[in-house]
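Structural description and commentary
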Amino acid sequence: YGDPSNPADHAQIVYSNESNLTPGKGYLLAIDKETFLQSYGMLNHGKLGLSVTTEGAHLKGYNLLGNPYQSYLDFDRFAEANASLWDDATNYSYSYILLDEDQKGYVSYVAGTSSGAKAAPRYINMHQGFFIIADHAGTAVFDDDMRSLDGTPDFRYEQQPAYPLVNLMVTDYNGNRDNLVVEINRPTLGGARKAMGLKTGHASLYAHHEDTDYAILFLPEEKHEVALRFEADADEVFTLSWETQNGDFHNLYLVDNIAGVEIDMTARNEYVFRASTTDYKSRFKMRFDATDVEEYEPETENQDFAFVSYGQLVVNGKGIFEIVDMQGRVLLQTHLTSEQNNLSLNNLSHGIYILRMVNDSKNVRQQKIVL
């Protein structure tokens, strides 16, 4: 954001003429049309390291990293191995930030996020770039123990905790969003810090609790109110919307301190308001109480859905289909749109592979096959 012609607004961006990409390093790429990107070179494996800084004019401590492997990266294992980069990993201070096209904005991840939360996944897709906010300079280490064969590109497909939560989204005039997740009745206080300075639109929404700004906030059972801060980068009309998950909210109210109104969030799902860049941050607060916590059990189907016929792989069903080798490398990922699909096996060597299909209902099927 800012004025593209003013270098001061982009002081954090370092332009590079690298002819070879550095493993583990993230790169920003601006394109003006839909493009299919291809990469060439040797596949990365084994232990890799990348310097992490706490410097920065506008985004102090922000580091754009990238999953260097042709397999999913388990961020929990990455954070455990690199705990020295954060002040207190036991207090959920380690997290990462991802630009999510579906959410039209930046989303965060922190360990233990409940099912149904509009949050980033635990498992980072192959070659996906992601931000961390480091408290200490050092070396971010990647190794094969962090690679995942069982991960999926969206943690919502997997069994997760199911604490009552509210997903809040503020949308600007152009349709860009900023997201906030508040989970209640948690055992302890925690969450993911808000990524201040990273945004796709004209608004920032975050929870403020005990002098910390959160993008994902875990609140203990005795807490029934939280301050919601809002900042506008333009004088315009915004829409604040919400949805609840994992519980029966019999008391859920949004208070607009500027307009002096109180909204029953169980009776409606959005609030339209005008904001100015000069408004004070502490615009909203939310009061809540929830019971009847729902148990979350993912729907899975493990029966065979693919077979080999005359040198081709026949796959039954629609959805995101993957072929993964026994080292966790994703050799093929494609979107199948027919009830039965024929795929070439010419590029696969003899061996054992895992086939994975995720359909539009988020059901997962997985099958082992020997070629």
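Residues numbered from 1 in each chain as written. Predicted model: local features only at pLDDT ≥ 70, side-chain atom pairs only at ≥ 80, totals over all residues. Heavy atoms only, no water.

Let us now look at the overall build of the protein chain. Along its length, the protein chain carries one helix and 27 strands. Classification of the 371 residues of the protein chain by burial places 46% in the buried group. Long-range contacts, defined here as pairs at least 24 residues apart, represent 72% of the contacts in the protein chain between residues at least 6 apart. (Helix = DSSP H or I, 4+ residues; strand = E, 2+ residues; numbered from the N terminus. Buried < 20%, exposed > 50% of the residue type's maximum accessible area, 1.4 Å probe, protein only. Contact = heavy atoms within 4.5 Å.)

Time to look at the sheet that holds strand 9 (residues 147-148). Taken in spatial order, the three strands make up an open sheet running 6-3-9, and their pairing is antiparallel. Each edge of the open sheet is held by one strand with a lone partner, namely strand 6 (123-124) and strand 9. In this structure, strand 3 (residues 72-74) lies alongside strand 9, joined through two bridges in antiparallel fashion. Each residue of the ladder has a partner; that of Leu 73, found in strand 9, is Arg 147. (Pairing = 2+ DSSP bridges.)

Attention now moves to the pairing of strand 21 (residues 306-309). Bridge count between strand 21 and strand 22 (residues 312-316): four bridges; the pairing is antiparallel. Looking at strand 22, one finds that Ser 309 is bridged to Gln 312. From the end of strand 21 to the start of strand 22, which pair antiparallel, there are two residues, and Tyr 310 there has a positive phi angle of about 50°.

All right, on to the confidence of the model for the protein chain then. Considering every residue of the protein chain, the mean pLDDT works out to 82; 86% of them sit at 70 or more. Taken as a whole, residues 153-158 scores under 50 in pLDDT and shows 30 contacts with residues more than four places along the chain or in a different chain. Predicted confidence for residues 294-301 stays below pLDDT 50, and this span has 21 contacts to residues more than four positions away or in other chains. (pLDDT = per-residue confidence, 0-100.)

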